[in-house]
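Chain residues, written in single-letter form:
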Amino acid sequence: MRAVIYEREGPASEVLRVTEIPRPEPGPGEVRVRVSFSAVNPTDWKSRSGATARRIDQFQVPHHDGSGVIDAVGEGVDEGRIGQRVWLWMAAAGRPWGTAAQWSVVPEWQAVPLPDRCSLELGASLGVPALTAHRCLFADGDLEGRTVLVAGGAGAVGHFAIELARHRGARVVATVSTPEKADLARRAGADLVVNYREEGALERIRAFTDTVDRVVEVNLAANLTMDLGLASPETVVSVYAIDTPDPVLPVRACMAANVTLRFVLLYGVPPAELHRGVLEVGRALEAGALTELPVHRFPLDQCAAAQDAVQAGAVGKVLLEIG
Ligand SMILES: NC(=O)c1ccc[n+]([C@@H]2O[C@H](COP(=O)([O-])OP(=O)(O)OC[C@H]3O[C@@H](n4cnc5c(N)ncnc54)[C@H](OP(=O)(O)O)[C@@H]3O)[C@@H](O)[C@H]2O)c1
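J.: Any details on the domain arrangement of the protein? Residues and values, ideally.
T.: Splitting the protein by domain gives domain 1 (2-126 + 292-321) and domain 2 (140-263). Here the C-alpha centre of domain 2 lies 30 Å away from the C-alpha centre of domain 1. Of the residues lining the interface, four residues belong to domain 1; the matching set on domain 2 comes to six residues. Among the residues making up the side of domain 1 that touches domain 2, the classes are represented as two nonpolar, one polar and one charged.

Here it is as structure tokens:
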């Protein structure tokens with residue numbers, strides 16, 4: 001099969017290559033998927049570049065997320081799943097068979113049925129972002145009637161955080177940095193959208209709500225003052241990203257706010273909680289509550305350009321169109 005692989009870490013254009021490798025067979029408890037779309041997430045280029053290195057076992061096909069159709073099942077898996085449209089998540093975690101190839105093989109729970117109403121592009125976009133958003137939102141209880149602040153509401157995680165929170169009955173405030181991103185956050189359903197780079201952003205949010213119950217935080221170092229300014233003793237700030245050196249935490253201010261900081265890294269979320277995330281993202285999909293971000297399509301052999309586009313901050317989802 002045609003696949004993108006890398007055998008060592010480094011710049012995309014140097015280490016990613018398109019080649020022929022044997023098509024994988026599904027083992028016990030696994031399914032094989034003919035991949036339609038492979039989605040690029042920041043974690044994919046960070047692993048490939050060595051920024052957050054992961055073990056490479058001979059070679060690695062990159063990309064955790066994707067969508068496609070099951071065409072073979074391993075021992076113990078219902079043969080009725082053959083022909084099912086699915087979305088894939090974390091396909092490359094501890095395994096060589098990422099989604100940047102014509103076929104991928106994953107444990108069957110990582111190939112989730114995609115409702116007929118949903119496009120394969122939406123299916124490919126879900127995995128890492130939607131499951132991260134779910135963990136940040138719901139690890140500390142339900143959100144019916146609560147207020148959520150989503151920092152970076154036009155990012156992939158931010159987008160699904162807005163939609164999942166709204167779907168579960170929360171009011172949502174989102175922050176963004178440009179009018180284009182404000183439009184995306186509004187379309188996702190945010191009740192209030194504020195440009196966090198403008199003077200008076202905190203005051204604009206305070207005019208809408210005194211406090212928030214949950215913060216889905218993409219940049220704690222930059223936003224902690226705002227988060228503490230909206231915190232009550234019931235507030236949980238769920239931190240899922242850090243792209244700067246570790247910030248110094250103002251412990252006294254955090255204590256004074258009685259705020260709870262939760263840290264989220266998908267690779268270490270307990271399996272039972274991931275399972276709950278998969279189920280609840282699936283229910284939101286069935287209900288039509290999740291939508292696509294703008295899609296940027298690349299062919300398989302431009303995988304390096306696709307990863308570079310994500311690293312450069314593409315707005316929306318970058319997908320490899322494969323099958
Ligand atoms: N912990 C985990 O398990 C996990 C899972 C998924 C993703 N991540 C990480 O989370 C980050 C985002 O991932 P993604 O896929 O959502 O990326 P993305 O689609 O590129 O979105 C990132 C968004 O964050 C916004 N942003 C950056 N700094 C901000 C700030 N100070 N306040 C508000 N918004 C800010 C960006 O817009 P502006 O810069 O224009 O504001 C952008 O819209 C990446 O670093 C990724 O590696 C971690």
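From this point, things continue past the structure.
J.: I'd love a proper account of the nonpolar core, names of residues and values included.
T.: Counting residues in hydrophobic clusters, the biggest one holds 98 residues, and the most contacted among them are V148 and A161. Residue contributions to this core peak at ten residues, all from helix α3 (residues 120-138). Shared between two domains, this core holds at least three residues of each, these being domain 1 (2-126 + 292-321) and domain 2 (140-263). Contacts of A161, omitting those with residues within four sequence positions, involve A133, C136, L137, V150 and V216.

J.: A description of the site of the ligand should follow, citing residues and the corresponding values.
T.: With respect to spatial proximity, 28 residues lie near the ligand, and among them P42, G152, G155, A241 and L266 are the closest. Contributions of two or more residues to the shell around the ligand are made by α2 (42-49), α3, α4 (156-167) and α7 (220-229). For the shell around the ligand, the residue count by class is 15 nonpolar, eleven polar and two charged. Viewed by domain, the shell around the ligand spans two of them, domain 1 (2-126 + 292-321) and domain 2 (140-263), each represented by three or more residues.

J.: Got a sec to walk through the pairing of strand β4 (residues 65-73)? Specific residues and values, please.
T.: Relative to β4, strand β3 (residues 30-40) runs antiparallel, the two being bridged by eight bridges. Of the residues in β4, the one forming a bridge with V31 is V73. The pairing of β4 with strand β5 (residues 85-88) spans four bridges and is antiparallel. Note that in β5 the partner of G66 across the bridge is L88.

J.: Go over unusual backbone geometry with me, naming the residues and quoting the values.
T.: For H63, which is not glycine, the phi torsion reads 90° and is therefore positive. Locating H63 in the fold gives a position in the loop between α2 and β4.

J.: Describe the sheet that holds strand β8 (residues 147-151), and please don't skip the residues or the numbers.
T.: An order of β10-β9-β8-β11-β12-β13 is seen for the six strands of this open sheet, with the pairing classed as parallel. The sheet is open, and its two edges are formed by β10 (192-195) and β13 (260-263), each paired on a single side. Sheet twist, expressed as the mean angle between neighbouring strand axes with direction ignored, is 20°. Examined bridge by bridge, strand β9 (residues 171-176) and β10 share four bridges and lie parallel to one another. Bridge pairing in β10 links A174 to V193.

Calculation criteria
Residues numbered from 1 in each chain as written. Predicted model: local features only at pLDDT ≥ 70, side-chain atom pairs only at ≥ 80, totals over all residues. Domains from an automatic or database assignment. Contact = placed C-beta atoms within 7 Å. Nonpolar A, V, L, I, M, F, W, Y, C, P; charged D, E, K, R; others polar. Core = buried A, V, L, I, M, F, W, Y, C linked by C-beta atoms within 7 Å. Buried ≥ 20, exposed ≤ 12 C-beta atoms within 10 Å, placed from the backbone. Helix = DSSP H or I, 4+ residues; strand = E, 2+ residues; numbered from the N terminus. Near = placed C-beta within 6 Å. Pairing = 2+ DSSP bridges. Axes fitted to C-alpha atoms, helices over the stretch in contact; angles between N-to-C directions.

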